[in-house]
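Survey of secondary and tertiary structure
In case you want the letters, here they are:
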Amino acid sequence: MTTIVYKDGVIACDTRMTSGNLIVSDDFDKRYESRDCVFFLCGGVHDAHELVAAYPGDAIPDSNNAQGFVVDHGELKWVCSSRGVLTRAPVTCIEAYGSGSEFALAACDHGKSAGEAVEYAMTRDTGTGGRVRCYDAGTGNELS
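Residues numbered from 1 in each chain as written. Predicted model: local features only at pLDDT ≥ 70, side-chain atom pairs only at ≥ 80, totals over all residues. Heavy atoms only, no water.

This next bit is on the sheet that holds strand E10 (residues 95-98). Strand order in the open sheet made by the four strands is E10-E1-E2-E11, with antiparallel pairing throughout. Each end of this open sheet is capped by a strand with a single partner; those strands are E10 and strand E11 (133-136). Taking each pair of neighbouring strands and ignoring which way they run, the sheet shows an average axis angle of 15 degrees. Pairing of strand E1 (residues 3-7) with E10 involves four bridges; the strand directions are antiparallel. Residue pairing for E10: Val5 is matched across the bridge by Ala96. Its contacts with the sheet put helix H2 (residues 101-109) on E1 and E10, and the angle it makes with E10 is roughly 160 degrees. Packing of helix H3 (residues 114-124) onto the sheet brings it into contact with E1, strand E2 (10-13) and E11, and relative to E1 it is tilted by some 155 degrees. (Pairing = 2+ DSSP bridges. Helix = DSSP H or I, 4+ residues; strand = E, 2+ residues; numbered from the N terminus. Axes fitted to C-alpha atoms, helices over the stretch in contact; angles between N-to-C directions. Contact = heavy atoms within 4.5 Å.)

Reported here for the largest pocket is a volume of approximately 190 Å³. Lining the largest pocket are 13 residues, and of these Met1, Thr18, Gly43, Gly44 and Val45 lie nearest its centre. Of all the elements in the fold, those that place two or more residues in the lining of the largest pocket are strand E3 (17-19) and strand E6 (37-42). Here the residues of the lining of the largest pocket are counted per class, giving seven nonpolar, four polar and two charged. (1 Å grid on protein atoms, 1.4 Å probe; cavity = no way out; pocket = protein on both sides within 12 Å on 5 of 7 lines; lining within 4 Å. Points joined across faces, edges and corners; volume = space filled by probe spheres on them. Nonpolar A, V, L, I, M, F, W, Y, C, P; charged D, E, K, R; others polar.)

Here we take up the pairing of strand E8 (residues 75-82). Most of E8 is tucked away: six of the eight residues are buried. Pairing of strand E7 (residues 67-72) with E8 involves six bridges; the strand directions are antiparallel. By the bridge assignment, Gly68 is partnered in E8 with Val79. Count of turn residues in the E8/strand E9 (residues 85-90) antiparallel hairpin: two residues, of which Arg83 carries a positive phi of about 55 degrees. (Buried < 20%, exposed > 50% of the residue type's maximum accessible area, 1.4 Å probe, protein only.)

Here we take up the sheet that holds strand E5 (residues 31-34). The antiparallel open sheet is built from five strands, whose spatial order is E5-E6-E7-E8-E9. The two strands at the open ends of the sheet, each matched to only one other strand, are E5 and E9. The mean angle between the axes of side-by-side strands here comes to 25 degrees, regardless of whether they run parallel or antiparallel. In this sheet, E9 lies alongside E8 in antiparallel orientation, the contact comprising six bridges. Bridged to Trp78 within E9 is Ala89.

So, about the pattern of salt bridges. This model, assessed by the stated rule, comprises eight salt bridges. Between Asp27 and Arg133 there is a salt bridge, with its nearest N and O atoms 3.3 Å apart. Residue Asp27 is found in the loop between strand E4 (22-25) and E5, and its partner Arg133 is found in strand E11; the two are separated by 106 residues along the sequence. We classify Arg133 as buried; its relative accessible area is 12%. Salt bridges sharing common partners tie together Asp27, Asp29 and Arg133. (Salt bridge = Lys/Arg side-chain N within 4 Å of Asp/Glu carboxyl O.)

Written out as structure tokens, the structure reads:
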């Protein structure tokens, strides 16, 4: 799956794409752009594209399971689909999504940055891998 983390104005994510227990790619971009918004999503690729297409509406197919962050005109929001409803809420604290989220949150609790938290999740979660990319949470632009 993946690990996506927000902490201290930074969104970090890995680049691994999996299908079941198979690693498909370690160079997959989890950043999606649409209508002046930038999304960082976990879940199936089809679900991510479906969520981006549905946003900012309220309805989404019941089977969709994507979730993550959206930078919507400079405002960072948590976004997910559940039971046919697209939900969004402002991000007010450290948050993590994906299969490595618990490891990443524990790393953040011990003082690690968002990027370091994803790096730690890579050591424990088989669905998290590749490289770590970090982005400005206010613009969605990649940090150097």
